[in-house]
Amino acid sequence: MKRSILLSIILAVAFTSAAATKEKSPYAKYVEDKTAVNFVAAYNNYEMERADTVNNMATIFLAYLHMSEMNRNLDMLKENIGSLSGKHKFNYANILLSLGRYDDAIEIYKQLNMETPKWSCPWRHRGEAHWKNGEYEEAVASLEKAIETRETHYDAYTQLAQVLTDMKEYKRALEVLEKGFTYYGKDIEDPEEEVNMLDINFLYLTLLRENGRIEDADILKARLEKLSPGDERLSQ
């Protein structure tokens, strides 16, 4: 609904501008016939309009142009879902996840779980989608499956600890996180690329405090004060 309303507004602007010049705007031409040629023509037009000056309207058209083209390509992937390889399905689902379309992403991850049940990554990403969708039990089950299928899956542990923390299961969350730490640098994926380690250390600080390990928490806090001085999480 929001997508259609926003598109209607920008189209109204596009066609109003076109009416004033008696010629369709590049964006209006693209919307009427969504081809690569019309996309490139519209893109180049609006980039030229803002090349030497601030042109907010051109920037708005570019934003909507990219959004429209993205949705066109996502619709193509949806229409051809049956012919996508497992890798392509995974990447398609990841795009939907990044856009907050959690239900759509989960459905594709479920397909991958059925087709390749021992592939850990779709389980991990499905867990993230369930978590962000507020479906904590499903998130836990999916993340546990990710760990079951790849014991060294470092970011599955850290994310499971985050979910359990949101569920206020602090004891179990700490156990999971500390076990995950034992696999740091031992997984096939680079942990620094998969998770924000500063965030994970602040999660660890919270869990140490919640579990009454105050001395360990104080040691970690001192280290974090050097790593991230002034971080508001230090005072929590």
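Structure shown above.
Our subject in this report is the structure included herewith. Source: prediction; values computed, not measured.

What about the overall build of the protein chain?
And step 1. Counting its secondary structure elements, the protein chain contains 13 helices and zero strands.
And step 2. Ordered by position in the sequence, the α and β elements of the protein chain form the string α-α-α-α-α-α-α-α-α-α-α-α-α.
And step 3. For 236 residues, the compact-globule formula gives about 18 Å, and the C-alpha radius of gyration of the protein chain, at 23 Å, lies well above that figure.
And step 4. Its C-alpha atoms give the protein chain principal-axis dimensions of roughly 75 × 45 × 30 Å.
And step 5. Counting the 236 residues in the protein chain, one finds 38% classified as buried.

Here's the deal with the packing of aromatic side chains
And step 1. In this structure the tally under the stated criterion is 10 aromatic pairs.
And step 2. Seen in terms of ring centroids, Phe181 and Tyr204 are 5.0 Å apart; in terms of plane orientation they differ by 75 degrees. Their pairing is edge-to-face. Highlighted residues: Phe181 in helix H10 (residues 170–181) and Tyr204 in helix H12 (residues 197–210), separated in sequence by 23 residues.
And step 3. Accessibility expressed as a relative area gives 24% for Phe181, which makes it partly exposed.
And step 4. Clustering of aromatic rings is evident, with ring pairs tying together Tyr27, Tyr30, Phe39, Tyr43, Tyr46 and Phe61.

Re a negative patch on the surface
And step 1. Side chains of Asp190, Glu192, Glu193 and Glu194 sit close together on the surface and give a patch of like negative charge.
And step 2. Inspection of the secondary structure assignment puts Glu192 in helix H11 (residues 191–194).
And step 3. Relative accessible area serves as the criterion here: at 45%, Glu192 is assigned to the partly exposed category.

Section: the side chain of Lys89
And step 1. Counting through the fold element by element, Lys89 comes out in helix H5 (residues 86–98).
And step 2. Using a relative accessible area of 6% as the deciding quantity, one classes Lys89 as buried.

Examining the nonpolar core
And step 1. Core analysis: the biggest nonpolar cluster contains 32 residues, and Leu160 and Leu177 have the highest contact counts within it.
And step 2. Listed by contribution, the elements that provide at least two residues to this core are helix H7 (120–132), helix H8 (136–149), helix H9 (154–166), H10, H12 and helix H13 (214–227).
And step 3. Broken down by element, this core gets its largest block of residues, eight residues, from H12.
And step 4. When residues no more than four places from it in sequence are discounted, the contact partners of Leu177 are Thr158, Ala161, Ile200, Leu203, Tyr204 and Leu207.
And step 5. Counting residues in each nonpolar core, the second largest holds 15 residues, with Tyr92, Leu97, Ala105 and Tyr109 among its members.

Conventions used here
Residues numbered from 1 in each chain as written. Predicted model: local features only at pLDDT ≥ 70, side-chain atom pairs only at ≥ 80, totals over all residues. Heavy atoms only, no water. Helix = DSSP H or I, 4+ residues; strand = E, 2+ residues; numbered from the N terminus. Rg over C-alpha atoms; globule rule 2.2 N^0.38 Å. Buried < 20%, exposed > 50% of the residue type's maximum accessible area, 1.4 Å probe, protein only. Phe/Tyr/Trp six-rings, centres within 6.5 Å; stacked < 30°, edge-to-face > 60°. Patch = residues over 30% accessible without salt bridge, like charges linked within 9 Å, V, L, I, M, F, W, Y side chains within 5 Å. Areas by Shrake-Rupley, 256 points an atom, 1.4 Å probe, with all protein chains shown as cover. Salt bridge = Lys/Arg side-chain N within 4 Å of Asp/Glu carboxyl O. Lys, Arg positive; Asp, Glu negative; His and termini not counted. Charge placed at Lys NZ, Arg CZ, Asp CG, Glu CD. Core = buried A, V, L, I, M, F, W, Y, C linked by side-chain atoms within 4.5 Å. Contact = heavy atoms within 4.5 Å.

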